[in-house]
Amino acid sequence: MLSKLYRWPRRTALWFGILAFAMACTAGTLGRLPTAKSEQPDLSVGVISPEVVVVSMREGEVTHARQVPYEAEPQDRLETSGSDTWVIRRGQTLGTLVGPNQDILYGFDRYTETPFNANRAGQSSSYRIQSKNDASYRQPATPAEVYRKSKPIDLARISRGGDLRWAMEHRFYLRLPTPLTPGKTYTIELTGQEQPPLTLTYQPDRQTSEAVHISAVGFRPDDPVKVGFLSTWMGTGGGLSYPEGLSFQVIDEASQRTVFTGQAKRRYRDGDSEDARDRTYTLADVDQLDFSNLDRPGRYRLCVDTVGCSTPFAIADDAWQQAFNLAARGFYHQRSGIELGPPYTDVVRPRPFHPDDGVIVYQSSAGLVNTGNGLNAQGTDEGNFANLVQGRTNTTVANAWGGYFDAGDWDRRVQHLDIARWLLELLELFPEPMELALNIPESDNDRPDLLDEVLWGVDFFRRLQTPEGGVRGGIESANHPRRGETSWQETLPIMAYAPDPWSSYIYAGVAARTALVMGTYAPDQVQGYRDSALAAMNWAEARHSEGIEALDWAQHRIEADRALAALEIYRLTGDRAWHDRFVAAQSALPAEAREDYRVANPQREIAFLYGRMPAEQVDVDRQAELRASLLAEADAAVGTGQTTAFGWTKLIPSTPVGWGDGLGSPKARTLLRAHALTGSDRYLEAALLACQFSAGANPDNMTYTTGLGPKSPQNPLIVDQRITGDLLPGITLYGPIDTGLYGDQWFFDVLESVAVPPAREWPSIETYFDIYFVPNINEFTVMQSMADAAYAWGYLTGRG
């Protein structure tokens, strides 16, 4: 988490600064491609209450740029700007050249217009509502009011100069002069738009309504929490307040019979504070629809009287397992150094960053700890890459391949070992349920697939270990990717960080845990990981304070990771001397450091690890203290989940919602660990509630994990995907962010004239804009959003 927290402000300035400038420009003309015109927009009509119908449509279509062979012409002029080489032909910019031979051209997106006037559609006079069987509408009527909610769902950059086109999703909420009558049929005509009339038969017991929100993951029969939600924010019309206590039913999809009835309970009132930051994220009332006592497997709809129904959902023994499988396979799709393709995935991608393909990795003298992608411990790295690049040597690093791409680009850093730590934890807690098939290349061996996925990440850093034991903190290119260049075409210099104590401590702890778990599944390989862990630990101990004299918080973070590594090695070896080192390192942390969120992650790991160790291996007073700290954090998370409108929670109540703490993944790990320690249903129930929002029970009725549910992200910030068009499944994004905190970000300036209402006025929980270029919403990291989702869904799969 730390690297991303401190990396992003610089990342925005570096990678996206050019785009931010372009977006601030008026429509340019350089290299502009003509826009095409399509037939008709895609219109639909639905109901959110008897008094309000919603007309929805999508306007515009984006065709993303693709690579094509570059066929040079004599008059072509090449222009270098930063890392990019632009092709200009007869005054028109065609795109950039990519690849080692600069023989591939990456051009511009195309935009197809649709003939629709959204401003006119926002006026009451644009609608005529009529019915042949409802006397109230026998004569055409117009809405009393029309409210509008328009958001961009894709972006076309059609020139070098910043000429942008937006694909839009519009919703027009028509407040009716007279309520609809169940069973009656209505026609809605948009005047002056050359659109065919829309037909609506009002059947709230079977029609899907955007106002009813349910998880796309579904529920296990024994889940003690099964809920949906009722809410609508109508854009310029604000929140819709429903009558309290509306009846609801759960209807079996197969038999169409009602299997559960209940009454909605007002969970949140518009304007109430939702967390310790005194923020309101929702801007509408929210009712909870609780059907927790329904435990019969099946496929169902959740229907609210007079409103409508949710999308179908399942109650099934494998509900969480299916989500977990998708999330775990997401790590496979983020692998570096391996070809992707059948029979393991439908995604086809050549092998990137492998030495057998001629990739050369140079040694840098800069350790990860002293760069912006690490802790920037000396405070001297003015960008993510400066120290790394300045420290480049001509020495090459052999066999430096593997690991996971960090996010949408291709760096691989030691913080990714959190994935291995947490997947190993799941294997320890639930050995049998975690022995599931993931369909990965290693699936034919005798180890659990989940362990093989762990080893993919661990073995990468084992290969980066020096003969002396030090561990390099990862591999990074000299800058963010060149425009239009894929991972397997990388032409920027590639460097490995120098070994440093912090990276070595992190590796030592995870390698020790790997050795311990391997004892169950592959005893013949234990010694190799044990020796590697000890070598890394001893190397780091001999250089404990090298080069980190500047920033106190960084020293505290290193000391916390040192304590965690010592504890992991003690658990592996049983040598009490390592327990003494753990105690000494932990005791060296001042009280204020234990409250510092930048130092918190290893301390959480220590609290749960020590808290679950057998009494004969621990100091019982210290164990009680650490357990109490974990449970206190879990209690705070329970409290946050009780005040947020949709039950989502945070690790720390005062943490801002955004970046690594966005709403795209559930922040349930501490709650689930508290459940593991105590068996208390209170923590399990809070964790299940916390998992609903990101799984689809939200106002957008979407998940934030690619390929999960009927509606999921289509334009994540993944460079390879944007260029090739192959959607990687199982990638959980950062998701919605706090508009109050991040409202000064450049993309809110851009969206000010695009979204209606202006983007800063939207409720934070609806700020997922499916636009590739918005990193703190549409990107992710493997060890933050992806790992959070995988751990939560894995625990809920494995629990008894």
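Look up a bit, the structure's there.
Conventions adopted
Residues numbered from 1 in each chain as written. Predicted model: local features only at pLDDT ≥ 70, side-chain atom pairs only at ≥ 80, totals over all residues. Heavy atoms only, no water. Phe/Tyr/Trp six-rings, centres within 6.5 Å; stacked < 30°, edge-to-face > 60°. Helix = DSSP H or I, 4+ residues; strand = E, 2+ residues; numbered from the N terminus. Buried < 20%, exposed > 50% of the residue type's maximum accessible area, 1.4 Å probe, protein only. Lys NZ or Arg CZ within 6 Å of the ring centre and 35° of its normal. Disulfide = S-S within 2.5 Å. Axes fitted to C-alpha atoms, helices over the stretch in contact; angles between N-to-C directions. Parallel < 35°, antiparallel > 145°, perpendicular 65-115°, else oblique. Left-handed = near helix turned anticlockwise from the far one by under 90°. Contact = heavy atoms within 4.5 Å. Nonpolar A, V, L, I, M, F, W, Y, C, P; charged D, E, K, R; others polar. Expected span 1.5 Å × (residues − 1). Bend = angle between axes of the 7 residues up to and from the residue. 1 Å grid on protein atoms, 1.4 Å probe; cavity = no way out; pocket = protein on both sides within 12 Å on 5 of 7 lines; lining within 4 Å. Points joined across faces, edges and corners; volume = space filled by probe spheres on them. Pairing = 2+ DSSP bridges. Salt bridge = Lys/Arg side-chain N within 4 Å of Asp/Glu carboxyl O. Core = buried A, V, L, I, M, F, W, Y, C linked by side-chain atoms within 4.5 Å.

Go over the packing of aromatic side chains with me, naming the residues and quoting the values.
Here the structure, examined in full by the defined rule, presents 28 aromatic pairs. Residues Phe 219 and Phe 313 carry aromatic rings whose centres are separated by 5.9 Å and whose planes lie at 90 degrees to one another, so their mutual orientation is edge-to-face. Of this pair, Phe 219 sits in the loop between strand 16 (212-213) and strand 17 (227-230) while Phe 313 sits in strand 24 (residues 313-315); the two residues are 94 residues apart in sequence, bridging distant segments of the chain. Judged on exposure class, the residue Phe 219 and its partner Phe 313 are both buried. Residues Phe 747 and Phe 748 carry aromatic rings whose centres are separated by 4.8 Å and whose planes lie at 35 degrees to one another, so their mutual orientation is tilted. By the ring-pair criterion, three or more aromatic residues cluster together here, those being Phe 229, Phe 646, Phe 693, Tyr 704 and Tyr 768. For Arg 673, the ring lying beneath its charged end belongs to Tyr 791, and the centroid distance is 5.8 Å.

If you had to explain the state of the cysteines to someone new, which residues and values would you point to?
Simply put, disulfide is the name for a covalent bond between the sulfur atoms of two cysteines. Counting across every chain of the model gives one disulfide. Two residues share a disulfide in this structure: Cys 303 and Cys 309, whose sulfurs sit 2.1 Å from each other. On the sign convention where negative means left-handed, the S-S torsion of about 105 degrees between Cys 303 and Cys 309 marks this disulfide as right-handed. Both residues of the pair, Cys 303 and Cys 309, count as buried.

Describe the packing of helix 8 (residues 501-521) against helix 10 (residues 552-573), listing the residues and the values that go with them.
The contact between helix 8 and helix 10 brings their axes to 8 Å, and the two run at 25 degrees. It follows from the interaxial angle that helix 8 and helix 10 lie roughly parallel. Viewed along their axes, helix 8 and helix 10 form a crossing whose handedness is left-handed. Counting all contacts with helix 8, which are made through Trp 502, Tyr 505, Ile 506, Ala 508, Gly 509, Ala 512, Arg 513, Ala 515 and Leu 516, the residues of helix 10 involved are Arg 557, Ile 558, Asp 561, Arg 562, Ala 565, Glu 568, Ile 569, Arg 571 and Leu 572. Across the contact of helix 8 with helix 10, the residue classes tally to 11 nonpolar, one polar and six charged.

Would you mind going over helix 7 (residues 449-463) in detail, with residue names and values included?
With 15 residues, helix 7 should reach 21 Å at 1.5 Å per residue; the first-to-last C-alpha distance of 21 Å fits that figure. Residue Trp 456 marks the point of greatest curvature in helix 7, where the axis turns by about 25 degrees. Burial runs high along helix 7: 12 of the 15 residues are buried.

An account of helix 9 (residues 526-542) is needed here, citing residue identities and associated values.
A rise of 1.5 Å per residue sets the reference length of helix 9, with its 17 residues, at 24 Å; its end C-alpha atoms lie 24 Å apart and thus fit the reference within 8%. All of the buried residues in helix 9 are Val 526, Tyr 529, Ser 532, Ala 533, Leu 534, Ala 536, Met 537, Trp 539, Ala 540 and Glu 541. Buried residues along helix 9 sit against helix 7, helix 8, helix 10 and helix 11 (576-587).

I'd like a rundown of empty space enclosed by the protein, residues and numbers included.
Under the counting rule described, the total for this entry stands at 10 cavities of 30 Å³ or more. Counted as a void, the largest cavity has a volume near 120 Å³. Contributing to the lining of the largest cavity are 18 residues, with Arg 349, Ile 718, Asp 720, Gln 721 and Leu 728 lying nearest its centre. Its residues placed into classes, the lining of the largest cavity shows nine nonpolar, five polar and four charged.

Any details on the sheet that holds strand 9 (residues 104-106)? Residues and values, ideally.
Taken together, five strands build an open sheet; the order of strands is 5-9-8-7-6 and the sheet is antiparallel. Looking at strand neighbours, the two that pair on one side only are strand 5 (67-69) and strand 6 (77-81), the edges of this open sheet. Geometrically, the sheet is characterised by an average inter-axis angle of 40 degrees between neighbouring strands, direction not taken into account.

Report on the pattern of salt bridges, specifying residues and quantitative values.
Tallied over the entire structure, the rule returns 49 salt bridges. As a salt-bridge pair, Arg 266 and Asp 285 come within 3.1 Å of each other at their nearest N and O atoms. Of the two residues, Arg 266 sits in strand 20 (residues 265-268) while Asp 285 sits in the loop between strand 20 and strand 21 (286-290), which places them 19 residues apart along the sequence. Assessed through its relative accessible area of 14%, Arg 266 is described here as buried. Asp 285 gets classed as buried once you look at its relative accessible area, which sits at 13%. With its nearest N and O atoms 2.3 Å apart, the salt bridge here joins Asp 287 to Arg 266. Here Arg 266 lies in strand 20 and Asp 287 lies in strand 21, a separation of 21 residues in the sequence. The two residues Asp 287 and Arg 266 agree in class, both being buried.

Outline the side chain of Asp 452, supporting the account with residue identities and numerical values.
By the element assignment, Asp 452 lies in helix 7. Judged by its relative accessible area of 3%, Asp 452 falls in the buried class. Beyond its immediate stretch of four places on either side in the chain, Asp 452 contacts Arg 335, Ile 440, Glu 442, Asn 445 and Arg 447.

Tell me about the sheet that holds strand 28 (residues 474-477), residues and numbers included.
Adjacent strands of a sheet form backbone hydrogen bonds with each other and so pair up, either parallel or antiparallel. Strand order in the open sheet made by the five strands is 26-25-29-28-27, with mixed pairing throughout. One side of each edge strand has no neighbouring strand; the edge strands of this open sheet are strand 26 (392-396) and strand 27 (412-413). One ladder, built from two bridges, connects strand 27 with strand 28; its direction is antiparallel. Bridge pairing in strand 28 links Arg 412 to Ile 475.

Break down the packing of helix 13 (residues 600-611) against helix 14 (residues 620-643) for me, citing the residues and quoting the values.
Orientation of helix 13 relative to helix 14, taken along the N-to-C sense of each, is 125 degrees, at an axis distance of 8 Å. It follows from the interaxial angle that helix 13 and helix 14 lie oblique. Taken as a pair, helix 13 and helix 14 cross one another with a handedness that is left-handed. Of the residues in helix 14, those in contact with Arg 604, Ile 606, Ala 607, Phe 608, Tyr 610 and Gly 611 of helix 13 are Arg 622, Gln 623, Leu 626, Arg 627, Ser 629, Leu 630 and Glu 633. Class assignment of the residues belonging to the contact of helix 13 with helix 14 gives a composition of six nonpolar, three polar and four charged.

Just give me the short version of the nonpolar core, but keep the residues and values in it.
Counting residues in each nonpolar core, the largest one holds 183 residues, and the members touching the most others are Trp 166, Phe 331, Leu 417, Leu 451, Phe 582, Leu 672 and Trp 793. The element best represented in this core is helix 8, accounting for 12 residues. In this structure, Leu 451 is in contact with Leu 424, Leu 427, Val 517, Met 518 and Tyr 521, ignoring residues within four places of it in sequence. Within the second largest apolar cluster, 27 residues are counted, among which are Tyr 147, Met 234, Leu 289 and Tyr 300.

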